[in-house]
Amino acid sequence: MKEIFIGLLAIASISAALALIIELAGAYIANYGEKHILVNNKKDLVVEGGNPLLFSLMSKNIFIPSACGGKGTCTYCKVKIHEGAGPVLPTETPYLDKDEMKDNIRLSCQVKVKEDMKIEIPEDLFLIREFRSVVEKTEDLTPTNKGITLRITSPEDGILFKPGQYVQLQVPPFKLSKTSEFRAYSIASNADDTTHVQLVITKVENGIVSTYVHDYLKEGDEVTIRGPFGDFFLRDSQRDILFIATGSGLAPVMSMLYQIEGEEIKRKTTLFFGDRKPHDLYFQDQLIYWQKSIVNFTFIPTLSRAVEEDSWNGEKGRVTTLIHKHIPDNTPLDVYICGAPPMVESCAKVLRQKGIPASNVFYDKFE
Amino acid sequence: MTQIDMPTLFFAAIFTNNILLTNFLGLCPYIAISKNINSAAGLGVAVIFVMTCTAALNHLIYYQVLVPLHLEHFQFIIFIVVIAAFVQVVEMTIDRYFPALYQVLGIFLPLITVNCAILGASLFMIIRDYTLLQSMGYGAGSGTGWLLAITLVGAIREKIQKTGKLPKGLEGPGITLIITGLLSLAFTAFSGLIKIQ
Ligand SMILES: Cc1cc2nc3c(=O)[nH]c(=O)nc-3n(C[C@H](O)[C@H](O)[C@H](O)COP(=O)(O)OP(=O)(O)OC[C@H]3O[C@@H](n4cnc5c(N)ncnc54)[C@H](O)[C@@H]3O)c2cc1C
Ligand code: FES
């Protein structure tokens, strides 16, 4: 009896002693205390040290662009850190070129705030806000794309964005993820309606956020979004406009077309939309309506997997085929491409061959 | 107590009694992390450090605390918690004070907590009645042996990836186990040279 008692006591005390050591180490070694982040030489933020800069700034309502949710894969979160960043980490080196390293550009999701920092970010990032919203409508647009319409409940004035920009959609922890995650989704709706945003979300096999949206998100749920982000929006010029989109890449183009309709822009505008089968086409009614209502607008869908039974009379093949077919060499054009990265790259290549300068080609890759 | 001096024990633990290639301990991280030689070496260095220190710590705790209280049978559980706690504290310290080192070792440290070679080294030193000094030599040697084994196999795997074509079923763990078997044959050839217990 006595042995058992001594045994238990000894084991318990050794474990307790070790736990105490870890706790003390946590309190003294891993506790970085409060750190100051001086932003653009004017805003002084006090944050708890030890966390990635991206999330420390987020806790102070400064939202750095990020599409991957801080996993270190999208490279959108680059900021200039003048002081306090420490050496460049192995997780950053693949994404930073020599000039960027010389300029103290770093990935804010990888750099932890361990010392006081001085950073520089573009002024317009101060305008990015966090919004609470309610899912007003969900609809199955195609077998793989879901449309969700969010009504912004606070701040009440809603979101001011440029058509083409994206928001971060945050979803709670669930079966696929122990942490709350966010990803980038482009706004498909009309920018004039500041209290609603519509997103089109493609189901990605085992993808965290897209699976949540497809399988768990219901009408009436509350979700948080942040934005607006991104530089994919219409540029002022006299050139004709060509939109090229596949899959959910149509979303930002829809928003831009609302703008073209609303502002009565007369530039000759063409949309190439590509997918596989007739059931992959969506927003058709609106696009066909715009063919009549927008003065100079043409919509050309193309399907790469249409077969006899589909009785499809439209274009067949990929969007790159459409460029070859419909765009003469050296046409003065502004091109906006949006969708999966391989499609964007192959279109950009064909356009280069066609003599369209890279400075007139704008794109968003949905990575 | 064995009459073998510390330097001999150190070399014996590397070559004649390699903990990985003759005792087959620490195989999981060895198979998982040996895809490329740099991470293999990083993990190996971390193992040397942790093995040496935990052998010493466990030696002290075993002979100063467990033996006087007649609690030797608790060695397993105690060694495991000591290793886990040690690794945690070391990780925090390195993260804070040696950022450059943390870049090399940091991501590997948590992996080591569950590396059975570490526990193995501590248990062997008890079974074989090593002194504190011998234990440290043995720990450092075993760690170095482990590093040697994982970098060898890492280099071979890198080479295979660059030059050879493997049947689908042999890729990854399959071929690694076969290479390990061959390496192990080579190492067991040394095994009669020095008796370490
Ligand atoms: C500017 C921008 C705008 C965008 N706009 C849109 C839009 O309007 N509509 C839209 O649908 N998408 C859009 N995206 C893409 C979107 O942000 C997400 O990348 C996409 O929805 C996938 O996110 P996820 O969380 O579902 O997948 P993730 O969890 O991020 O996974 C991505 C991929 O990695 C794989 N993967 C994940 N974890 C593992 C693992 N452990 N092992 C192996 N593989 C793994 C998944 O299978 C999947 O293929 C946009 C992206 C950018 C950059
Ligand atoms: S947030 Fe995507 S790389 Fe940093």
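Below: a short report on this structure. (Residues numbered from 1 in each chain as written. Chains lettered and ligands numbered in written order. Predicted model: local features only at pLDDT ≥ 70, side-chain atom pairs only at ≥ 80, totals over all residues. Heavy atoms only, no water.)

1. As for the overall build of chain A
Scanning chain A for helices and strands turns up 8 helices and 17 strands. Considering chain A as a whole, with its 367 residues, one finds that 50% of them fall into the buried category. Of the contacts formed within chain A by residues at least 6 apart in sequence, a portion of 69% connects residues at least 24 apart. (Helix = DSSP H or I, 4+ residues; strand = E, 2+ residues; numbered from the N terminus. Buried < 20%, exposed > 50% of the residue type's maximum accessible area, 1.4 Å probe, protein only. Contact = heavy atoms within 4.5 Å.)

2. Some thoughts on the layout of surface pockets
Over the atoms, a rolled probe matching the size of one water molecule traces out where space is still vacant. All names here are of chain A. By volume, the largest pocket is sized at about 1300 Å³. Looking at the largest pocket, it is lined by 48 residues, and the ones nearest its centre are T202, S248, G339, A340 and F366. Of all elements in the fold, only β9 (181-186), β10 (196-202), α4 (208-215), β13 (269-275), α7 (319-326), α8 (341-353) and β17 (361-365) reach the threshold of two or more residues within the lining of the largest pocket. Within the lining of the largest pocket, the residues separate by chemical class into 19 nonpolar, 18 polar and 11 charged. As a volume, the second largest pocket reaches approximately 960 Å³. Along the walls of the second largest pocket sit 31 residues, with P65, Q165, F229, G230 and D231 positioned nearest its centre. For the lining of the second largest pocket, the secondary structure elements donating two or more residues are β6 (129-140), β11 (222-229) and β17. Here the lining of the second largest pocket is composed, by residue class, of 18 nonpolar, 4 polar and 9 charged. (1 Å grid on protein atoms, 1.4 Å probe; cavity = no way out; pocket = protein on both sides within 12 Å on 5 of 7 lines; lining within 4 Å. Points joined across faces, edges and corners; volume = space filled by probe spheres on them. Nonpolar A, V, L, I, M, F, W, Y, C, P; charged D, E, K, R; others polar.)

3. A few points about unusual backbone geometry
Residues and elements named next belong to chain A. Put simply, S154 and P155 share a cis peptide bond, and its omega is -10°. For P155, the location among the structural elements is in the loop between β7 (145-154) and β8 (166-171). Along the chain, G227 connects to P228 via a cis peptide bond; the corresponding omega equals -5°. Considering the arrangement of structural elements, one finds P228 in strand β11. One non-glycine residue, T75, lies in positive phi territory at about 65°. Among the secondary structure elements, T75 is positioned in the loop between α2 (53-59) and β3 (78-83). On the basis of relative accessible area, T75 is assigned to the partly exposed category, the value being 24%.

4. Quick look at the environment of Y138(B)
Residue and element names in this part refer to chain B. Assignment of secondary structure puts Y138 in helix α8 (residues 132-163). Taking relative accessible area as the criterion, Y138 reaches 1% and is therefore assigned buried. Beyond its immediate stretch of four places on either side in the chain, Y138 contacts L9, A13, I19, A121, F124, R128, Y130 and I196.

5. Here's the deal with the sheet that holds β10(A)
All names here are of chain A. With respect to topology, 6 strands assemble into an open sheet ordered β9-β8-β11-β6-β7-β10, the strand pairing being antiparallel. The open sheet has two edge strands, β9 and β10, and neither has a second partner. For this sheet, the mean inter-axis angle between neighbouring strands, taken without regard to orientation, is 40°. As defined by bridge partners, β8 adjoins β11 across 4 bridges and the pair is classed as antiparallel. Of the residues in β11, the one forming a bridge with L169 is I225. Packing against the sheet, α4 makes contact with β7, β8, β9 and β10, and its axis sits at approximately 80° to β9. (Pairing = 2+ DSSP bridges. Axes fitted to C-alpha atoms, helices over the stretch in contact; angles between N-to-C directions.)

6. Quick word on the packing of helix α3 (residues 37-66) of chain B against helix α4 (residues 75-97) of chain B
When two helices pack together, you describe them by how their axes are tilted relative to each other and by the distance separating the axes. Residues and elements named next belong to chain B. At a closest axis distance of 10 Å, the pairing of α3 and α4 adopts a crossing angle of 135°. Classified by the angle their axes make, α3 and α4 are oblique. Judged by the twist between their axes, the crossing of α3 over α4 is right-handed. Every residue of α4 that contacts α3 at F49, V50, C53, T54, L57, N58, I61, Y62 and L66 is listed here: Q75, I78, F79, V82, I83, F86, V87 and V90. (Parallel < 35°, antiparallel > 145°, perpendicular 65-115°, else oblique. Left-handed = near helix turned anticlockwise from the far one by under 90°.)

7. Quick word on the pattern of salt bridges
All names here are of chain A. One pass over the full model with this rule turns up 20 salt bridges over all chains. For E345, the salt bridge goes to K365, with nearest N and O atoms at 2.8 Å. Of this pair, E345 sits in helix α8 while K365 sits in strand β17, and the two are 20 residues apart along the sequence. Among the residues examined, E345 registers a relative accessible area of 45% and is labelled partly exposed. (Salt bridge = Lys/Arg side-chain N within 4 Å of Asp/Glu carboxyl O.)

8. Here's the deal with the pairing of β10(A)
Working note: regular strand, side chains alternate between the two faces of the sheet. Residues and elements named next belong to chain A. Burial runs high along β10: 6 of the 7 residues are buried. Examined bridge by bridge, β7 and β10 share 7 bridges and lie antiparallel to one another. Following the sheet pairing, K146 is matched in β10 by I201.

9. Focus: the site of ligand 1
All names here are of chain A. The full set close to ligand 1 counts 23 residues, and A184, Y185, E205, V209 and S210 are the nearest of them. Within the side chain of K71, a nitrogen or oxygen atom sits 3.3 Å from an oxygen atom of ligand 1. In isolation ligand 1 exposes 970 Å². Once the protein is present, 69% of that is buried. One can see that ligand 1 is located within the largest pocket. The element contributing the most residues to the shell around ligand 1 is β9, with 4 residues. (Near = heavy atom within 4 Å. Polar contact = N/O pair within 3.5 Å; in protein donor to acceptor, adjacent residues only side chain to side chain. Areas by Shrake-Rupley, 256 points an atom, 1.4 Å probe, with all protein chains shown as cover. Sits in = over half its atoms within 2 Å of the grid points.)

10. Comments concerning the interface of chain B and chain A
Contacts between the two partners involve 18 residues from chain B, matched on the other side by 21 residues from chain A. Roughly 1700 Å² is buried in total at the junction of chain B and chain A, and carbon and sulfur atoms are behind 75% of that figure. Linking chain B with chain A are 0 salt bridges. Run the count over chain B and chain A and you get 0 residue pairs in polar contact (both at pLDDT 80 or more). Breaking the side of chain B that touches chain A down by element, the ones donating at least two residues are α3 and α4 of chain B. (Buried area = accessible area lost by both parts, 1.4 Å probe.)

11. Side note on the nonpolar core
Core analysis: the biggest nonpolar cluster contains 57 residues, and I19(B), Y30(B), I78(B), L109(B), I112(B), Y138(B) and W146(B) have the highest contact counts within it. No other element matches α3(B), which puts 10 residues into this core. By size, the runner-up hydrophobic cluster in this structure holds 32 residues, among which are M256(A), I260(A), L287(A) and W312(A). (Core = buried A, V, L, I, M, F, W, Y, C linked by side-chain atoms within 4.5 Å.)

12. Digging into the side chain of T176(B)
All names here are of chain B. When you line up the elements, T176 lands in helix α9 (residues 173-188). Given a relative accessible area of 0%, T176 falls into the buried group. Contact partners of T176, with chain neighbours within four places excluded, come to Y30, I31, S34, V153 and R157.

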